[in-house]
Amino acid sequence: MNLNRTIIRLITLASLIFISSNLFAGPLEFSVHKKNSGKKGPTILIIGGIQGDEPGGFNAASLLVTNYKITKGNVWVVPNLNFLSIIKRSRGVYGDLNRKFASLKKTDPEYRIINKIKSLIQNKKVDIILNLHDGSGFYNPKYINKGNNPNRWGHCIIIDQKNIANNRFGKLDKIAQSVVKMVNKKIKKPYFVHNTKTRDGNKDMAKTLTYFAINNFKSAFGVEASKSFLTHTRAFYHLLTIESFFKYTGIGFEKDFKLTLSGVKKAINSNIRVAFNQRIHLDMDNVRNRLRFIPLQKDSEIEYQANNPLVAVTGNGKRYRISHGNRRISYIHPQYFEYDKSIDRITMEVDGVKKEVKFGEVVNISNEFKVLLKKEYRANIIGFKKYKVGNEAGILVQRKDIKKRFSVDRDGNKFRVEVYKDKKFSGMIIVDFSEKLVAEDKKRIGAGKT
Ligand SMILES: [Zn+2]
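Predicted model only: the values in this text are computed from it and were never measured.

Participant: Looking at this structure, how should I read the overall build of the protein?
Facilitator: Counting secondary structure elements, the protein contains 8 helices and 27 strands. Its C-alpha radius of gyration of 25 Å places the protein within 12% of the 22 Å reference for a compact globule of 450 residues. Across its three principal directions, the C-alpha atoms of the protein cover 80 × 60 × 45 Å. Looking at the protein as a whole, 44% of its 450 residues are labelled buried. Expressed as a percentage of contacts within the protein between residues at least 6 apart in sequence, the contacts between residues at least 24 apart total 66%.

Participant: Explain the domain arrangement of the protein here, please?
Facilitator: Interface size is commonly expressed as the accessible area that is lost once the parts come together. Under the domain assignment, the protein is made up of domain 1 (1-17 + 284-337), domain 2 (20-268) and domain 3 (339-450). Taken together, the 7 residues of domain 1 in the interface contact 8 residues of domain 3. Considering every element that reaches the side of domain 1 that touches domain 3, the biggest residue donor is strand E15 (residues 290-297), with 3 residues. When grouped by side-chain class, the residues that make up the side of domain 1 that touches domain 3 number 4 nonpolar, 2 polar and 1 charged.

Participant: In this structure, what is going on with the sheet that holds strand E20 (residues 345-350)? I would like to understand it.
Facilitator: Adjacent strands of a sheet pair through backbone hydrogen bonds, lying either parallel or antiparallel. Spatially, the 4 strands line up as an open sheet ordered E21-E20-E23-E25, and their pairing is antiparallel. With one partner strand each, in any of the chains shown, strand E21 (353-358) and strand E25 (397-398) form the two edges of the open sheet. Looking at chain direction, strand E23 (residues 368-372) and E25 are connected through 2 bridges and run antiparallel. Bridge assignment links Glu368 to a residue of E25, and that residue is Gln398.

Participant: What am I meant to see in helix H6 (residues 231-249) here?
Facilitator: Note that an α-helix has 3.6 residues per turn; residues three or four places apart therefore point the same way. Taking 1.5 Å per residue, 19 residues should reach 27 Å; H6 reaches 27 Å between its end C-alpha atoms and fits that length. Counting buried residues in H6 gives 15 out of 19 residues, a clear majority hidden from the surface. Looking one or two places after H6, you find Gly250, whose phi comes out positive at around 85 degrees.

Participant: Where do I start with the sheet that holds strand E26 (residues 414-421) in this structure?
Facilitator: Across the sheet, 4 strands lie side by side as E22-E27-E26-E24; this open sheet has mixed pairing. Sheet topology places strand E22 (362-364) and strand E24 (377-381) at the edges, where each strand pairs with a single neighbour. In this sheet, adjacent strand axes meet at a mean angle of 30 degrees when their direction is disregarded. The pairing of E22 with strand E27 (residues 424-432) spans 3 bridges and is parallel. Note on E27: the bridge partner recorded for Asn364 is Asp432.

Participant: Explain unusual backbone geometry to me, please; I cannot follow it from the model alone.
Facilitator: Glycine aside, residues mostly have negative phi, and peptide bonds are mostly found in the trans state. Non-glycine residue Arg89 carries a positive phi angle of around 50 degrees. Of note, Arg89 is situated in the loop between helix H2 (83-87) and helix H3 (111-122). Of the residues examined, Arg89 has 14 C-beta atoms within 10 Å and is grouped as partly exposed. Despite not being glycine, Asn166 has its phi angle at roughly 50 degrees, a positive value. Mapped onto the fold, Asn166 is located in the loop between strand E9 (156-159) and helix H4 (172-184). For Asn166, a count of 6 C-beta atoms within 10 Å puts it in the exposed group.

Participant: Explanation requested: helix H7 (residues 261-269) in the structure shown.
Facilitator: Those residues of H7 lying buried are Val264, Ala267 and Ile268. Down the axis, H7 shows its buried residues gathered within 100 degrees of arc, on one side only. Those residues of H7 that are buried are in contact with helix H1 (55-67) and H6.

Participant: So what exactly am I meant to see when it comes to the nonpolar core here?
Facilitator: Nonpolar side chains in soluble globular proteins tend to be buried together. If you look at the biggest cluster of nonpolar residues, it comprises 115 residues, and the most contacted ones within it are Ile46, Leu64, Ile129, Leu130, Ile157 and Val274. At 8 residues, H6 tops the list of elements feeding residues into this core. The residues contacting Leu64, other than those within four sequence positions of it, are Ile46, Val75 and Val77.

Participant: When you look at the pairing of E24 in this model, what are you seeing that I'm missing?
Facilitator: On a regular strand, one side chain projects to one face of the sheet and the next to the other, so that they alternate. Summarising burial for E24: 4 of the 5 residues are buried, a large majority. As defined by bridge partners, E24 adjoins E26 across 5 bridges and the pair is classed as antiparallel. Bridging across to E26, Ala379 finds its partner in Val419.

Participant: Even after reading the chapter, I still don't get the environment of Ser178, so can you show me in this structure?
Facilitator: By the secondary structure assignment, Ser178 is in helix H4. Taking C-alpha positions, Ser178 is 9.0 Å from Phe245, a pair spaced 67 residues apart along the chain.

Participant: What is the right way to read the packing of H6 against H7 from this model?
Facilitator: The geometry of a pair of packed helices is captured by two quantities: the angle between their axes and the separation between those axes. One can describe the packing of H6 onto H7 by two numbers: an axis separation of 9 Å at closest approach and a directional angle of 110 degrees. With respect to H7, the axis of H6 lies roughly perpendicular. Contacts between H6 and H7 involve His232, Thr233, Ala235, Phe236 and Leu239 from the first element and Leu261, Val264, Lys265 and Ile268 from the second. Split by residue class, the contact of H6 with H7 holds 6 nonpolar, 2 polar and 1 charged.

Calculation criteria
- Residues numbered from 1 in each chain as written.
- Predicted model: local features only at pLDDT ≥ 70, side-chain atom pairs only at ≥ 80, totals over all residues.
- Helix = DSSP H or I, 4+ residues; strand = E, 2+ residues; numbered from the N terminus.
- Rg over C-alpha atoms; globule rule 2.2 N^0.38 Å.
- Buried ≥ 20, exposed ≤ 12 C-beta atoms within 10 Å, placed from the backbone.
- Contact = placed C-beta atoms within 7 Å.
- Domains from an automatic or database assignment.
- Nonpolar A, V, L, I, M, F, W, Y, C, P; charged D, E, K, R; others polar.
- Pairing = 2+ DSSP bridges.
- Expected span 1.5 Å × (residues − 1).
- Axes fitted to C-alpha atoms, helices over the stretch in contact; angles between N-to-C directions.
- Arc of directions from axis to C-beta.
- Core = buried A, V, L, I, M, F, W, Y, C linked by C-beta atoms within 7 Å.
- Parallel < 35°, antiparallel > 145°, perpendicular 65-115°, else oblique.

In C-alpha cells form, the structure reads like this:
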C-alpha cells in the first residue's frame, strides 16, 4: 500500500491559527488537540473519523480544532482517528475500527491506534466522550418508510444504556434527550435518541468505542449526522449537536464563523496551508491540481507542516499528494535540491517601497515588484516571460510579465519567486496580485462602469 510507505513525517501544526507541539514518530497517526480554557469545567473528548468515509464527523471535529476557542472547561479533539482510511476514503482500510474495542490481536495493524485512543478515553480528566459518525438515512423509533425507521442510523444521538452509576454525567438518556430537545428547537426534521441497549446482548455494539468507554465508567455518546446530506450539511448538524452538549454541560466557547450552512462550508474549505522544510509555504485555497518543480530537499526526510489536522502529504518521492480529509487538493511534483540556509529572508521593492520579506511569506503586489539580492544569490520568477540568463533579480516585474499558467492558484494571481545560491535552493516567496483586482473591481463598480 503506497500511502503506508510514505517517507514523510507529519509535524502538526504551527501556524497563525493555533500551535500544537504534538510530534509524531510515524506517518498518518491521529492527532490530539487539547483545548484547555484554564477555567473550571468538564472535559469533553470529541472523536472524528473512526470510519474514514464519514466526512461530516471529521470535518466538524477539525473545525473545533481550527475555528473554536474554549473559554470554560476543556475540549479535547481527535479529528482524524482513522487517518489512513480518511485519506483513502475507505470505511476502514484494515476493517472497521469501531469493532476493535472489545478484543484485538496484537498483530492487528491498528493495535497501536486502539491502545492509544483507549488510554485517552481512560484519562482521568475526561468526563464525556462524543464519537462522531455519519449514518445512513434517518433513525426513527417508528417505521415511517425505507429511509426513516428504527434500523437507520443517521440524524440521532446514540446511547448504549440509560444510566451509568456513580458518574456526574451518568444519566445518559436524560442528557441525550435534553440535548436533542435543544437541537430540535433549531431544525425542522427532529433528532431522536437511539438506545442500542448494548448490555442486553447487542454483540455488534459491544465491540465499539462508546461501549468501551461506558465499561470504563465514562459518559459516552454516539453522535450521528445523516449520510443523506452533503458533507458540510452533516458537519453543520454535528456542530449544532456538539454546541448543545457544550451548553448543557457548561463548556464555554467562541468561534470565528457563523453556524449556518454557508458559514460551515466556507470554514471547511478555506485557510488550508502547507509548508515544506520551513522554506516553502503553499496556500491550498483554489490551488491548481498540479504544482510542478517544487524545490524539495535532496537526500532528506521531507518535513511538512499544515495548519489543519485533516491535511496529509503522502507519496513516494516522485510525486506527493496533498489531501484534506477525503479530498485530494493537489499533487506536488518535486525537483530535488540541496538547501542553502545562509539566509531566511530577502529584500524586495514592492510598489516602490523596500521591504524585508521572509521565505514562506505571501507578498501582496498592486502593480510591480523587484527582487533585490546580493550578487551571490539569484532569483527565479516562475513563469517570467523575458528570458534572461540565470538571474531575474533587479528587474522590475509586473503581472503581465509572468505567464498566467505558471501561477499557484487557478485564477492566475499568485506566483512563485524562488531564490538560489549557486545550485542550492534558498527559499520561496509567493507574490499575490489578487488584491489589486479586487480594488480595481470596486473602483469600476463605484464608477458605474460595469
Ligand atoms: Zn460511523
